[in-house]
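Each chain, letter by letter, is given below.
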Amino acid sequence: MSMCVVGSINADLTVNVERHPTPGETLLGSGGGITAGGKGANQAVAAAKLGTPVVMVGATGNDANADPATAILREAGVDMRHVEEVEDVTGLAVITVAANGENTVLVVPGANALVGAEFVDRHADAVETAELVLLQGEIPADGFARAVELARGRVVVNLAPVVDVPRKSLLAADPLMANEHEAGLILEQLGLDGAGTPEELARRLLDAGFASVVLTLGSAGALVATAEELTHIDSPKVEAVDTVGAGDSFAGAFCHRILEGDSMADAAAFASRVGAFSVTRPGAQPSYPSVGDELPEL
Ligand code: RIB
């Protein structure tokens, strides 16, 4: 059961601070190391570490950050034959993590900006043969749309960040996976009201044409919505130290379990435990569990 991620690969430069600076303020921080990130790569690694065969379609630059950005993808056994090294810088995320766990993330797309329709076409076989294609919002809209066109398997979309993609491509998502904020923005992009409770947002997205919706609600768990039912999923109670990439671990783990044959509610319950595991450790990919790691219980 194979999965293809068409998405971003970043080097994450993380600085730990007591609190976030205000505009014009200089603060001292710690850390400053580069670790592997990017929403696409994070989701690919999360699924691969749990045992799903994953092929990555994406790009790195030809700079010093390419190696640390792809280190965990390679370690996790992700098929890297469709990752191109291009004449550009590797995608870079500048992340600050405050003592209270809150983070800010600034992304320089670099090589990820070249993953457009022509790029995806060069790797069409990887997309066409996958049973599940997982997409995010960190590549150009025409690359996103082309991947949806080529996909013959199930398409799962985590539109983070929320970018303008063609309506038809977006509605192919089954499920659309989003946090509350993103769900509101997607609804507004569809010309609908983006305010409301998680249940209202999920129902409105279903009414807009999505076959299914998974809303991630942080420490409050998740909401799985189909035309038949809305199911609330709890999240284990844990002490969070760094939430960067937690949503990506949820998406990767969810797809892993869908490919194993789980229902959406069971897959989301498992993914919620994986997300809780990841927030108890620093970084994105370095915080993801492998087969055999003990996950927090619901
Ligand atoms: O979702 C977390 C990710 O967002 C980070 O790894 C960073 O690279 C940005 O893409």
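What you see is a predicted model; the values in this text were computed from it and never measured.

The rules behind each value
Residues numbered from 1 in each chain as written. Predicted model: local features only at pLDDT ≥ 70, side-chain atom pairs only at ≥ 80, totals over all residues. Heavy atoms only, no water. Helix = DSSP H or I, 4+ residues; strand = E, 2+ residues; numbered from the N terminus. Pairing = 2+ DSSP bridges. Near = heavy atom within 4 Å. Polar contact = N/O pair within 3.5 Å; in protein donor to acceptor, adjacent residues only side chain to side chain. Areas by Shrake-Rupley, 256 points an atom, 1.4 Å probe, with all protein chains shown as cover. Nonpolar A, V, L, I, M, F, W, Y, C, P; charged D, E, K, R; others polar. Axes fitted to C-alpha atoms, helices over the stretch in contact; angles between N-to-C directions. Contact = heavy atoms within 4.5 Å. Parallel < 35°, antiparallel > 145°, perpendicular 65-115°, else oblique. Left-handed = near helix turned anticlockwise from the far one by under 90°. UniProt positions renumbered as here; feature names shortened; annotations may be inferred. Expected span 1.5 Å × (residues − 1). Buried < 20%, exposed > 50% of the residue type's maximum accessible area, 1.4 Å probe, protein only. Phe/Tyr/Trp six-rings, centres within 6.5 Å; stacked < 30°, edge-to-face > 60°. Lys NZ or Arg CZ within 6 Å of the ring centre and 35° of its normal.

**Things to note about unusual backbone geometry**
Now for step 1: A cis geometry characterises the amide bond from A160 onward to P161, with omega recorded as -10°.
Now for step 2: Residue P175 is bonded to the preceding D174 through a cis peptide linkage, with omega at 10°.
Now for step 3: Among the secondary structure elements, P175 is positioned in the loop between α6 (167-170) and β10 (176-179).

**Describing the pairing of β10**
Now for step 1: Taken together, the two bridges between strand β9 (residues 154-158) and β10 define a ladder with parallel strand orientation. If you follow V157 over to β10, its bridge partner there is L176.

**So, the site of the ligand**
Now for step 1: Close contacts around the ligand come from N10, D12, G37, G38, K39, N42, A93, V107, E138, G245, D248 and A284, and that covers them all.
Now for step 2: At a separation of 2.8 Å, an oxygen atom of the ligand approaches a polar side-chain atom of K39.
Now for step 3: A distance of 2.7 Å separates an oxygen atom of the ligand from a polar atom in the side chain of D248.
Now for step 4: Considered on its own, the ligand offers 280 Å² of accessible surface; in the complex 95% of this is hidden by protein.
Now for step 5: For the shell around the ligand, the secondary structure elements donating two or more residues are β2 (10-17) and α1 (39-49).
Now for step 6: Among the residues making up the shell around the ligand, the classes are represented as three nonpolar, five polar and four charged.

**Overview of the sheet that holds β9**
Now for step 1: One open sheet holds the nine strands; their spatial order is β5-β4-β1-β8-β9-β10-β11-β12-β13, and the pairing between them is mixed. With one partner strand each, in any of the chains shown, β5 (79-85) and β13 (230-233) form the two edges of the open sheet. When strand polarity is set aside, the average angle formed by the axes of neighbouring strands in this sheet is 15°.
Now for step 2: As defined by bridge partners, β10 adjoins strand β11 (residues 212-216) across four bridges and the pair is classed as parallel. Opposite M177, over in β11, you have V214 as the bridge partner.
Now for step 3: Strands β1 (3-6), β8 (132-135) and β9 of the sheet are contacted by helix α5 (residues 141-150), whose axis makes an angle of about 170° with β8.
Now for step 4: Strand contacts of helix α7 (residues 180-189): β9, β10 and β11, with the helix running at about 115° to β10, the strand carrying the most contacts.

**Some words on the packing of α1 against helix α9 (residues 246-259)**
Now for step 1: Their axes nearest at 7 Å, the elements α1 and α9 cross at an angle of 45°. As far as their axial angle goes, α9 and α1 are oblique. Between α1 and α9 the crossing geometry is right-handed. Mapping the contact onto sequence places K39, N42, Q43, A46 and A47 in α1 and D248, S249, A251, G252, A253 and H256 in α9.
Now for step 2: Across the contact of α1 with α9, the residue classes tally to four nonpolar, five polar and two charged.

**A look at the UniProt feature "binding site: K(+)" (unreviewed entry) in the chain**
Now for step 1: This chain's UniProt record puts "binding site: K(+)" (unreviewed entry) on D242, V244, S278, R281, G283 and S287. Spatial clustering of the annotated residues is evident: they stretch over 46 residues in sequence, but the largest pairwise C-alpha distance comes to 9.7 Å.
Now for step 2: With respect to the secondary-structure elements, R281 resides in the segment after α10 (264-279).
Now for step 3: Contacts of R281, omitting those with residues within four sequence positions, involve V241, D242 and S287.

**Here's the deal with α10**
Now for step 1: The terminal C-alpha atoms of α10 lie 22 Å apart, and with 16 residues this matches the ideal 22 Å at 1.5 Å per residue to within 8%.
Now for step 2: Within α10, 14 of the 16 residues are buried, which leaves it mostly tucked inside the rest of the structure.

**As for the packing of aromatic side chains**
Now for step 1: Taken as a whole, this structure holds one aromatic pair when the rule is applied.
Now for step 2: Ring centres of F250 and F254 lie 6.4 Å apart, and the angle between their planes is 10°; on these two criteria the pair is classed as stacked. One end of the pair, F250, and the other, F254, are both in helix α9, four residues apart, so they sit about a helical turn from each other.
Now for step 3: Here F250 falls in the buried class, since its relative accessible area comes to 6%.
Now for step 4: The ring of F270 has R257 lying over it, and the distance from NZ or CZ to the ring centre is 4.3 Å.
Now for step 5: Here the basic side chain of R281 rests over the ring of F277, its NZ or CZ set 3.7 Å away from the ring centre.

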